[in-house]
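Fold and geometry: a report
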Amino acid sequence: MGFSYIPQLDESDCGVACLAMILKKYRSLVSLQKLREVSETDSSGTSAYGLKRGFEHYGFDFQALQANSDYLLQSNVQLPLIAHLMIDEDYTHYVVIYRIKGHQLYIADPGKGKSKISIDEFCQSWTGILLTAQPTPEYQPVKQLGTNLFKMTKMLKSFKGLVAIIILVTLITTILGLLSSFYFQVLLDSILPQKSLNLLTITSIGLLTLYVVRSLTDFSSNILLARLGQQMGLGLMRHYIRHVLKLPMSFFETRKTGEIFTRFVDASKIIDAIASAVLTIFIDVSMLLVISVILSLKNRVLFLITLIVVPLYCGTMLAFYQILNRVNRNEMASGARFNANFIESLKGIETVKAYGEEPRIFVKLNHYLTDLLKKSYRVSVISQLHEACKQVIQFGCSGILLWIGAKYVINGQLSIGQLITYNALLGFYMGPLENIVTLQTKVQTAKIAADRLNEVLEINPELPIQSKTVKPTGQTIRMEKVSFSYKFDEPTLMNINLTVQPGEKVALVGASGSGKSTLAKLLVKFYEPDSGTICYGNHKLDDLQTDEIRSQITYVPQESFFFSGSILDNLLFGVSHTPNDEELFSVCHLAGLDEFIDSQPLGLQSILEEKGSNLSGGQKQRLALARALLQDSKTIILDEATSGLDVLTEKQVIRNLMQITGRTIIFIAHHLKIAQQCDSVYVMNHGQLIEHGSHDVLMAQAGLYEKLWIATY
């Protein structure tokens, strides 16, 4: 039995693709997305420990080895093995060794496909690390696959009326084309020998009428098909966008923007394949059968010769299936890689220019672009070769038929008109046959696109479908024995116990990396704690709708994002009510933004550029603060949200915030002058809360807080 190959969908998927291949060897079918979750794969790939956790999750014993080429030559090597490679000195990669024969290794590379390579050549990029996995006695095969392309065709049910009209119009177009083919037989066998001008006039006018009607029906069919594709595409793309917007923060932190975007573009390939399948299944297959009957009635010998095309076409299809599948996947993955790096470079253009790294970034992007163009060229070459092979078969068959048909004409067994008509009808036979064969290529491309799209669609959204609708309005916030870690790293938060009363002003202080921001993100459910409980009043976090939590607790990061539009548009972003001018003026004053707005020629209608690039750091923070104050939320978390302000402005803004009543404000700050004014201060160190109390109490304890105060002031 051969070793099944599973390609990676993205650059970071090589580890989980290897994991999927070995699982499939033991009859387990698991989607790459499920494996990404289990192994906690992120944008940088899968760690060896992540693969260990993945194998153990599905009932395998796992072992990591440091070996050399001699190990691969041993007779008792347990296969398959996962090998760790270093490509071009800066790119790590996993492949599967599934067979060893002499000094030759049989490799399944998730990015390139199967290949055979010598041990000496393999060792040039091999790091010496091998990962082995064998099923335990308790192992049971599992099947955890997402939606496939064929299940997506169910969306056609919503457009069955439009599909029926398209089929009918296309059928009329094809029938009109068939009728026009018999004109040549009438012309050559009846009109010309009889020299009948009246019959010539009648049939010619009839032919012209057929051409006009056929053009109209063909136009209508194409317009309706375009409409079907547009409506289906709109539905699929809306579903993808809506789903992506509901995904948890962890998804965006483990994926590159370009990889997410290219899946959106891939949707068009799925729609193209489904729309083509509609016509092929209902029209082309039917027409192929009808034309076969007509051609066999015309001349059985010629029809038998025509039938030779079918196995030749099918053979061509099978010959190109695997290679087209591989090159299409490689092209899509390369496109996603280029887009991700290009978008990343544009996002960081200020840093790039500040350090004068434009040449290095160009070299990097040029490398990815060249790789993409090479893969696109390879797809074009193989597709054109496939097309050339089909044309050779088609033209060769047509030439042989004319050759043999001409002999029948010379021998008086066939008229010239019948031969020309047969050749014209042959086009209607070859057309549907070619469409059926071409559909294979489109389906292949669409299947790859569907796999990539479904990898995202099968991720569970953060908004629960069914949960209690309880508003955490102005209630006590409690964290009890909460712990959290990113991936398989050391815990970021350990055994956190914290209580914030309604209307209280609380400060979280500590050194950078102590877990303050992570704690805040847990409160707004950006992440789920590994253990422990977060409560709002008497309700646990899991009992609350995520959107309700965020409508009542506003989180303001150190660097807020601003969209292209007016200052007012950005102020009102996320605001559920329409504030009057007095409320707008009040929050702008509290945030120290009023003077800035008054200095703008258009005031609140002044336009902000993308990401607020025409604002200073302090202006962005004050605008973000004003936006937060406009929300209806009873709790605001300010994560270093005033760190970009000058001393005098920050002092005034903090004084304004402290005077707000009826709202809980949690300050995450390095400036201990803010903590000094708060009702309560929590001190964090290495993921733990080690001190708690007011400023005076903590100073009296002579602990870490006092040391931070003395070091600062």
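Each chain has its residues counted from 1, running along the sequence as written. pLDDT decides what is reported in this predicted model: residues at 70 or higher carry local features, side-chain atom pairs at 80 or more are listed and counted, and totals for whole chains, interfaces and linings draw on all residues regardless. Hydrogens and water are ignored here; the side-chain numbers use all heavy atoms of the structure.

- By the naming in an unreviewed UniProt entry, the protein chain is ABC transporter [Lactobacillus acidophilus NCFM], taken from Lactiplantibacillus mudanjiangensis.
- Taken directly from UniProt, the Subcellular location (unreviewed entry) text for the protein chain runs: "Cell membrane". UniProt positions are given in the numbering used here, feature names are shortened, and annotations may be inferred rather than shown by experiment.

**A few points about the sheet that holds strand β3 (residues 81-87)**
- Two strands make a pair as long as DSSP finds a minimum of two bridges between them. Secondary structure is summarised from DSSP: a helix means a run of H or I of at least four residues, a strand means a run of E of at least two, and numbering begins at the N terminus for each. The six strands lie next to each other as β2-β7-β3-β4-β5-β6, forming an open sheet whose pairing is antiparallel. Two strands lie at the open edges of the sheet, namely β2 (60-66) and β6 (113-118), each paired on one side alone. Direction aside, the axes of adjacent strands within the sheet are offset by 30 degrees on average.
- Where strand β5 (residues 104-109) lies against β6, six bridges are found, and the strand directions are antiparallel. Its bridge partner being in β6, Ala 108 is matched across the sheet by Lys 114. For helices, the fitted axis covers only the stretch in contact; all axes are lines through C-alpha atoms, and the angles between them, taken along N-to-C directions, range from 0 to 180 degrees.

**Regarding the pairing of strand β18 (residues 664-668)**
- Of all five residues that make up β18, five are buried, and the element is covered over most of its length.
- Residues Thr 664, Ile 666 and Ile 668 point to one face of β18 and Ile 665 and Phe 667 to the other, with burial holding for every one of them.
- Strand direction decides the pairing type here: strand β17 (residues 635-639) and β18, joined by five bridges, are parallel. Opposite Leu 638, over in β18, you have Phe 667 as the bridge partner.
- In the classification by handedness, the crossover that spans β17, the intervening helix α23 (residues 647-658) and the parallel β18 is right-handed. Only protein chains enter the accessibility calculation, which uses a 1.4 Å probe; a residue whose area is less than 20% of its type maximum is buried, one above 50% is exposed, and one in between is partly exposed. Here the term right-handed applies to a crossover when the path leading from its first strand over the helix to its second strand runs clockwise, the strands being oriented away from the viewer.

**Observations regarding the pairing of strand β11 (residues 505-510)**
- By the criterion of burial, β11 is predominantly enclosed, with six of the six residues buried.
- Covered by surrounding structure in β11 are Lys 505, Ala 507 and Val 509 together with Val 506, Leu 508 and Gly 510, the residues of both alternating faces.
- The pairing of β11 with β18 spans four bridges and is classified as parallel. Opposite Ala 507, over in β18, you have Phe 667 as the bridge partner.

**Digging into the packing of aromatic side chains**
- Paired rings are identified among Phe, Tyr and Trp, the last through its six-membered ring, by centres lying within 6.5 Å, and are further divided according to the angle between planes into stacked (under 30 degrees), edge-to-face (over 60) and tilted (the rest). Tallied over the full model, the rule gives 15 aromatic pairs.
- Between Phe 563 and Phe 573, the aromatic rings sit 5.0 Å apart at their centres with planes inclined by 35 degrees, giving tilted as the arrangement. Placement of the pair is Phe 563 in the loop between β14 (553-556) and β15 (565-566) and Phe 573 in the loop between α19 (567-571) and α20 (581-590), with a sequence separation of ten residues.
- The rings of Tyr 26, Phe 55, Phe 60, Phe 62 and Tyr 139 are connected pair by pair, giving a single aromatic cluster.
- It is Lys 25 that lies over the ring of Tyr 26; its NZ or CZ is 5.7 Å from the centre.
- Between the NZ or CZ atom of Lys 114 and the centre of the ring of Tyr 98, over which it lies, the distance is 5.2 Å. Whether a charge sits over a ring depends on NZ of Lys or CZ of Arg being within 6 Å of the ring centre and within 35 degrees of the ring normal.

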